[in-house]
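Here's the letter readout for the chains.
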Amino acid sequence: MMPATPRINLFDFDAGGLAEYFANRGERPYRATQIIKWVHQQGIVDLERMTNLKRDLRATLGDETEFRYPEVVTLQESTDGTLKWLLRVDNGNCIETVFIPETERGTLCVSSQVGCPLNCSFCATAKQGFSRNLSTAEIIGQVWIAARHLGQNPKSQRQITNVVMMGMGEPLLNFEAVVPAMKLMLDDNAYNLGRKRVTLSTAGLVPGIDRLREECPVSLAVSLHAPIDDLRNELVPLNKTYPLAELLAACRRYVGDNPHDQITFEYVMLAGVNDSVALAREIVRILRGIPAKMNLIPFNPIPGTDYQTSDLATINRFRDVLVKAGIVTITRKTRGDDIDAACGQLVGRVVAKAARHRRSNLSVGV
Ligand code: SAH
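A quick note: this is a predicted structure, and the numbers were derived from the prediction, not measured. (Residues numbered from 1 in each chain as written. Predicted model: local features only at pLDDT ≥ 70, side-chain atom pairs only at ≥ 80, totals over all residues. Heavy atoms only, no water.)

1. Here's the deal with the domain arrangement of the protein
Turning to step 1, where the next piece is worked out: Segmenting the protein into domains produces domain 1 (9–66) and domain 2 (71–357).
Turning to step 2, where the next piece is worked out: Distance from the C-alpha centre of domain 1 to the C-alpha centre of domain 2: 32 Å.
Turning to step 3, where the next piece is worked out: Together domain 1 and domain 2 conceal approximately 1100 Å² of surface at their shared face, both sides included; 59% is due to carbon and sulfur atoms.
Turning to step 4, where the next piece is worked out: Taken as a group, Phe 11, Asp 14 and His 40 account for 46% of the area that domain 1 buries against domain 2, more than any other trio of residues on that side.
Turning to step 5, where the next piece is worked out: Our count for the contact surface shared by domain 1 and domain 2 stands at zero salt bridges.
Turning to step 6, where the next piece is worked out: The element that contributes the greatest number of residues to the side of domain 1 that touches domain 2 is helix 2 (residues 30–41), accounting for six residues. (Domains from an automatic or database assignment. Buried area = accessible area lost by both parts, 1.4 Å probe. Salt bridge = Lys/Arg side-chain N within 4 Å of Asp/Glu carboxyl O. Helix = DSSP H or I, 4+ residues; strand = E, 2+ residues; numbered from the N terminus.)

What follows is the structure, encoded as structure tokens:
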């Protein structure tokens, strides 16, 4: 038997990519809009139901293309309403996606890689090692699956109002696939989220920050975790490649064009490690001149580390120094920790090409 030509996955295209696909087939560009509306607005992937496409076009699409998205393995619900999907992306690998409902908004936390190569010392995803980048289809597929589930769920009014690229992986290491997925999140004909409602979080990949500013300037969050290089090298090893001075310069450039924008700095509170008043003062000093918001994240315990979370009094003392200096500071509420869905707890199922701790592959929490 002849090997079948692989089908083109229409979930891999944003509006530009889809318009190009149709142009190459002599079709008009508005076909792209039609498909995007069916798939991402209506949640429909059955060509027969796409009634405004000509019959012969539906037939061609049926022969050449497919709509392939991750397969739901499990969906868990936390006592606080947080949802966590375990999604299979290929034979060995699974990723996780989390929905966090709040009174005024619903935030979907999306993964960008299977595992992560950056090896931050306090993060569960790091302990899994790294397998591969996700495709655009696998990234936007997470949004599609969650949107469909929430739309179909009659007992809730819950909607995705915000997306944060804060799940497994370093999104700027997967730029080519992440940007089209984010463009679909922003697209009026797809998820129609404003630029400020889509946030990309990075451990500090400086060239990626500059590229993002040029190609898709969504809200930026930076995982700071320490205001001095020695300590940051330990917590976020990427700092050895892009030290704080370079990272902060990139942050200044990022907001340079849009003075009303702010950068969110994430800071995991580790008892006795990075939570002193002296370090809080140092943060104030290094962030001077950058429109910044601080997000203090109580450390969520993960297996295989000795870190502990700072106590509330210490977190409050730390916060007060920042607030007095005029920096808006929020202590992030821990959500979904009973189902291991909190920050830094996402592990999926990773067939690591570079496992950090071989045994941790066994400790999948599902
Ligand atoms: N690689 C990107 C995207 C991941 S975002 C980045 O580093 O920004 C996930 C956020 O959760 C990051 O701010 C990360 O530093 C934080 N985090 C990781 N492990 C954590 C843990 N155990 N407890 C609390 N926050 C953690």
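What follows continues from the structure just given.
2. A look at the site of the ligand
Turning to step 1, where the next piece is worked out: Close to the ligand lie 20 residues; Phe 122, Ser 201, Ser 223, His 225 and Asn 300 are nearest.
Turning to step 2, where the next piece is worked out: Glu 266 places a polar side-chain atom, nitrogen or oxygen, 3.0 Å from an oxygen atom of the ligand.
Turning to step 3, where the next piece is worked out: Notes on the ligand: free accessible area 540 Å², of which the protein chains cover 95%.
Turning to step 4, where the next piece is worked out: Looking at the shell around the ligand, the elements with two or more residues in it are strand 10 (198–202), strand 12 (263–269) and strand 13 (292–298).
Turning to step 5, where the next piece is worked out: Class assignment for the residues of the shell around the ligand results in 10 nonpolar, eight polar and two charged. (Near = heavy atom within 4 Å. Polar contact = N/O pair within 3.5 Å; in protein donor to acceptor, adjacent residues only side chain to side chain. Areas by Shrake-Rupley, 256 points an atom, 1.4 Å probe, with all protein chains shown as cover. Nonpolar A, V, L, I, M, F, W, Y, C, P; charged D, E, K, R; others polar.)

3. Structural notes on the nonpolar core
Turning to step 1, where the next piece is worked out: With 115 residues, the main nonpolar core has Met 182, Met 185, Leu 212, Phe 265 and Leu 287 as its most contacted residues.
Turning to step 2, where the next piece is worked out: Taken domain by domain, the makeup of this core includes at least three residues from each of domain 1 (9–66) and domain 2 (71–357).
Turning to step 3, where the next piece is worked out: Excluding anything up to four places from it in sequence, Leu 212 contacts Leu 172, Phe 175, Val 179, Met 182, Leu 200, Pro 217, Val 218, Leu 220 and Tyr 254. (Core = buried A, V, L, I, M, F, W, Y, C linked by side-chain atoms within 4.5 Å. Buried < 20%, exposed > 50% of the residue type's maximum accessible area, 1.4 Å probe, protein only. Contact = heavy atoms within 4.5 Å.)

4. Observations regarding the packing of helix 10 (residues 277–286) against helix 11 (residues 312–324)
Packed helices, taken two at a time, are described by the angle their axes make and the gap between the axes.
Turning to step 1, where the next piece is worked out: Contact geometry of helix 10 with helix 11 gives a least axis separation of 9 Å together with a crossing angle of 25 degrees. Relative to helix 11, the element helix 10 lies roughly parallel. Between helix 10 and helix 11 the crossing geometry is right-handed. Taking contact as the criterion, the partners of Val 277, Leu 279, Ala 280, Arg 281, Ile 283 and Val 284 in helix 10 are, on helix 11, Arg 317, Phe 318, Val 321 and Leu 322.
Turning to step 2, where the next piece is worked out: Within the contact of helix 10 with helix 11, the residues separate by chemical class into eight nonpolar, no polar and two charged. (Axes fitted to C-alpha atoms, helices over the stretch in contact; angles between N-to-C directions. Parallel < 35°, antiparallel > 145°, perpendicular 65-115°, else oblique. Left-handed = near helix turned anticlockwise from the far one by under 90°.)

5. Focus on the state of the cysteines
Turning to step 1, where the next piece is worked out: By the definition in use, this model includes zero disulfides.
Turning to step 2, where the next piece is worked out: Its sulfur unpaired, Cys 94 is 17 Å from the next cysteine sulfur, which belongs to Cys 109.
Turning to step 3, where the next piece is worked out: A relative accessible area of 2% places Cys 94 in the buried class. (Disulfide = S-S within 2.5 Å.)

6. Overview of the pattern of salt bridges
Turning to step 1, where the next piece is worked out: Using the criterion set out here, one finds 20 salt bridges in the structure.
Turning to step 2, where the next piece is worked out: Put simply, Glu 102 and Arg 105 hold a salt bridge, and the shortest N to O gap is 3.2 Å.
Turning to step 3, where the next piece is worked out: Glu 102 gets classed as partly exposed once you look at its relative accessible area, which sits at 36%.
Turning to step 4, where the next piece is worked out: Given a relative accessible area of 42%, Arg 105 falls into the partly exposed group.
Turning to step 5, where the next piece is worked out: For Asp 210, the salt bridge is made with Arg 253, and the minimal N-O distance between the two is 2.9 Å.

7. Here's the deal with the packing of aromatic side chains
Turning to step 1, where the next piece is worked out: Following the criterion strictly, the structure yields eight aromatic pairs and no others.
Turning to step 2, where the next piece is worked out: Centre to centre, the rings of Phe 11 and Phe 67 are 6.1 Å apart; their planes meet at 85 degrees, and the pair counts as edge-to-face. Highlighted residues: Phe 11 in the loop between strand 1 (8–9) and helix 1 (15–24) and Phe 67 in the loop between strand 2 (65–66) and strand 3 (71–77), separated in sequence by 56 residues.
Turning to step 3, where the next piece is worked out: For Phe 11, a relative accessible area of 0% corresponds to the buried category.
Turning to step 4, where the next piece is worked out: On the basis of relative accessible area, Phe 67 is assigned to the buried category, the value being 15%.
Turning to step 5, where the next piece is worked out: Measuring from centroid to centroid gives 5.2 Å for Tyr 267 and Phe 318, while their planes differ by 35 degrees, and the two rings are tilted. Of this pair, Tyr 267 sits in strand 12 while Phe 318 sits in helix 11; the two residues are 51 residues apart in sequence, bridging distant segments of the chain. (Phe/Tyr/Trp six-rings, centres within 6.5 Å; stacked < 30°, edge-to-face > 60°.)

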